[in-house]
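Breakdown of the fold
Chain by chain, the residues:
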Amino acid sequence: MKVPVEIEDEKAEKAEKDEKDEAMDPEEERARVEAAIRAGEEAAEQELAADAGKLREERDELQKKLADVEDQIEAAKTEASEAKDRMLRLQADWENYRRRTAAERLAEKDRAAEGLVTNLLPVIDDIERAIEHAGATEDDAQLKQFVDGVSAVHAKMLAVLSKEGVEPIDPAGEPFDPLAHQAVGRVEDAEAYDETVAQVYQKGYRMGERVIRTAMVTVTYGGPKRPEEQADDADANNDAEKDES
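Residues numbered from 1 in each chain as written. Predicted model: local features only at pLDDT ≥ 70, side-chain atom pairs only at ≥ 80, totals over all residues. Heavy atoms only, no water.

1. With respect to the overall build of the chain
The following threshold applies: Strands here are runs of E lasting at least two residues and helices are runs of H or I lasting at least four, both read from the DSSP assignment and numbered beginning at the N terminus. When accessible area is computed with a 1.4 Å probe and restricted to protein chains, residues below 20% of their type maximum are described as buried, those above 50% as exposed, and intermediate ones as partly exposed. Residue contacts are defined here by distance: any two heavy atoms, one from each residue, within 4.5 Å place the two residues in contact. Surface exposure here means Shrake-Rupley accessible area, sampled with a 1.4 Å probe, where a residue is shielded only by the protein chains that are shown.
Each helix and strand counted, the chain has four helices and six strands in total. From first element to last, N terminus to C terminus, the chain shows the α and β order α-α-α-β-β-β-β-β-β-α. Evaluated residue by residue, the chain yields a buried proportion of 16% over its 245 residues. A separation threshold of at least 6 residues defines the contact pool for the chain, and within that pool the share at least 24 residues apart is 70%. Only carbon and sulfur atoms are counted for the fraction: they give 52% of the accessible area of the chain, which is about 19100 Å².

Structure (C-alpha cells):
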C-alpha cells in the first residue's frame, strides 16, 4: 500500500523539528522559556487590568447608587423634619386658639354677668332707699312687717350676688380711694383725717377684683394728715387693685 505524500511530508517536518530541538542551545531554550513566562505574565497583567477596570466601573456604579440612596435618605429626613415642624406649629396654633376661645367665652360670660348685675344695682338702690325711708316713719306693725319682708328679699338678693362674687363697697370712715370711690363733695372736718370718706350717697360694687360701680361719697378736708402707716396700707391696697384690674 502506498503512503500519501502529505503524510510523508508531515513526518519529515516533525523529524526535522525534533532534530532541531535536540540540537537547540540551552541558552536559547532558557530565553524561550523566559519569553514564554513574560508573555504569560503580560497576558495575566492585561487580564488583571481588564478585571480591575470592570471592578472600578462596578465600584463607581455602586458609589453612585449609594450617593443617590443617601440623597433620598436626606430628602426624606428633611421632609420628615418639615412635617414635624408643621405639626408642632399646627398644634401650637390649636392650643392658642383653644385657650383664646376659652378666655373669650369666660370674658363674654363675665361681661354678661356684669351687665346683668349692673342693671340690677339701681333696683337694689331703690329697695335700700325704700327700707331706709320706711324705717324712719312712725311705728306701725303692718308697715314694720312689710319692711321686714322687703329687707328679707333684699338680703336674699345680696346673698345671690355674693355667690357670683359681687360685694358692696360701703367705705364710710375709710381712706378715700379714687379707684373705688367717686367724690361728689367735700366736707370740712378738723377732727377726721384728711381725705377720709365722710358720707356714702350711693354704694359701689365690686365683682371679683373688678370695680363695676364706684361708690359716690363726700370727702373730708381740713383735718390732720393720715399717719404714714395707714397711708402706706391704703396705697398698697390701691396698687394691688391696679395690678388685679
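2. Brief notes about the packing of aromatic side chains
Which entries qualify depends on this criterion: Only centres within 6.5 Å qualify two rings of Phe, Tyr or Trp (six-membered ring in Trp) as a pair; their planes then separate them into stacked at under 30 degrees, edge-to-face at over 60, and tilted for everything else.
Here the structure, examined in full by the defined rule, presents one aromatic pair. Between the aromatic rings of Trp94 and Tyr97, the centroid separation amounts to 5.8 Å while the plane-to-plane angle is 35°, which identifies the pairing as tilted. One end of the pair is Trp94 and the other is Tyr97, both in helix α2 (residues 26–135) and three residues apart, which spans about a single turn.

3. Description of the sheet that holds strand β4 (residues 204–207)
As a reminder of what qualifies: We treat two strands as partners when DSSP finds at least two bridges between them. Axes here refer to lines fitted to C-alpha atoms; in helices the fit is confined to the stretch in contact. Angles between the N-to-C directions go from 0 to 180 degrees.
What the three strands build is an open sheet, ordered β1-β4-β5; its pairing is antiparallel. Either end of the sheet is taken by a strand with one partner, and the two such strands are β1 (166–169) and β5 (210–213). The average undirected angle you get between the axes of adjacent strands in this sheet is 35°. Pairing of β4 with β5 involves three bridges; the strand directions are antiparallel.

4. With respect to the confidence of the model for the chain
How we decide: Confidence of the predictor at the level of single residues is captured by pLDDT, which takes values from 0 to 100.
Of the residues in the chain, 80% have a pLDDT of 70 or more, and the chain-wide mean is 81. No element of the chain has a lower mean pLDDT than helix α4 (residues 228–244), at 56, and none a higher one than strand β6 (residues 215–221), at 94.

5. Digging into unusual backbone geometry
With phi around 60°, Glu195 is a residue other than glycine that occupies positive phi space. By the secondary structure assignment, Glu195 is in the loop between β2 (181–188) and β3 (197–202).

6. Topic: the nonpolar core
Nonpolar side chains tend toward joint burial in soluble globular proteins. The test is simple: The nonpolar core is taken to be a set of buried Ala, Val, Leu, Ile, Met, Phe, Trp, Tyr and Cys residues, with the residues joined through side-chain atoms within 4.5 Å.
Counting eight residues, the largest nonpolar core consists of Val117, Leu121, Ile124, Leu161, Val166, Tyr205, Met207 and Ile212. Of all the secondary structure elements, the ones that give two or more residues to this core are α2 and β4. Dropping the residues within four chain positions of it, Val117 is found in contact with Leu161, Val166, Met207 and Ile212.

7. So, the side chain of His154
Along the chain, His154 turns up in helix α3 (residues 141–163). Residues contacting His154, with those up to four places away along its chain left out, are Ile124, Ile127, Glu128 and Ile131.

8. Regarding the pattern of salt bridges
The following threshold applies: We count a salt bridge whenever a side-chain nitrogen from Lys or Arg sits within 4 Å of a carboxyl oxygen from Asp or Glu.
All chains considered together, the criterion is met by seven salt bridges. Arg129 is paired through a salt bridge with Asp126; the nearest N and O atoms lie 2.6 Å apart. Of the two residues, Arg129 and Asp126 are both situated in helix α2; the distance of three residues between them amounts to about one turn of the helix. The residue Lys203 makes a salt bridge to Glu128 at a minimum N-O spacing of 3.4 Å. Within this pair, whereas Lys203 is found in the loop between β3 and β4, its partner Glu128 is found in helix α2, the two being separated by 75 residues in sequence. The exposure class of Lys203 is partly exposed, given its relative accessible area of 26%. For Glu128, a relative accessible area of 17% puts it in the buried group.

9. Some words on the sheet that holds β2
On the basis of which strands lie adjacent, the open sheet formed by three strands has the order β2-β6-β3 and mixed pairing. With one partner strand each, in any of the chains shown, β2 and β3 form the two edges of the open sheet. When the angles between neighbouring strand axes are averaged without regard to direction, this sheet yields 25°.

10. A few points about α3
Quick note on the threshold: Any helix carries an expected span of 1.5 Å times its number of residues minus one.
In this model α3 runs 33 Å from its N-terminal to its C-terminal C-alpha over 23 residues, within 8% of the 33 Å that 1.5 Å per residue would give. Considered for burial, the residues of α3 that qualify are Val147, His154 and Leu161. With its phi angle positive at about 85°, Gly165 sits one or two positions after the end of α3.

11. As for the environment of Leu161
Within the element layout of this structure, Leu161 appears in helix α3. Take Leu161: its relative accessible area is 8%, and that puts it in the buried class. Put simply, Leu161 and Val117 are 44 residues apart on the chain and 7.7 Å apart in space, counted from C-alpha to C-alpha.

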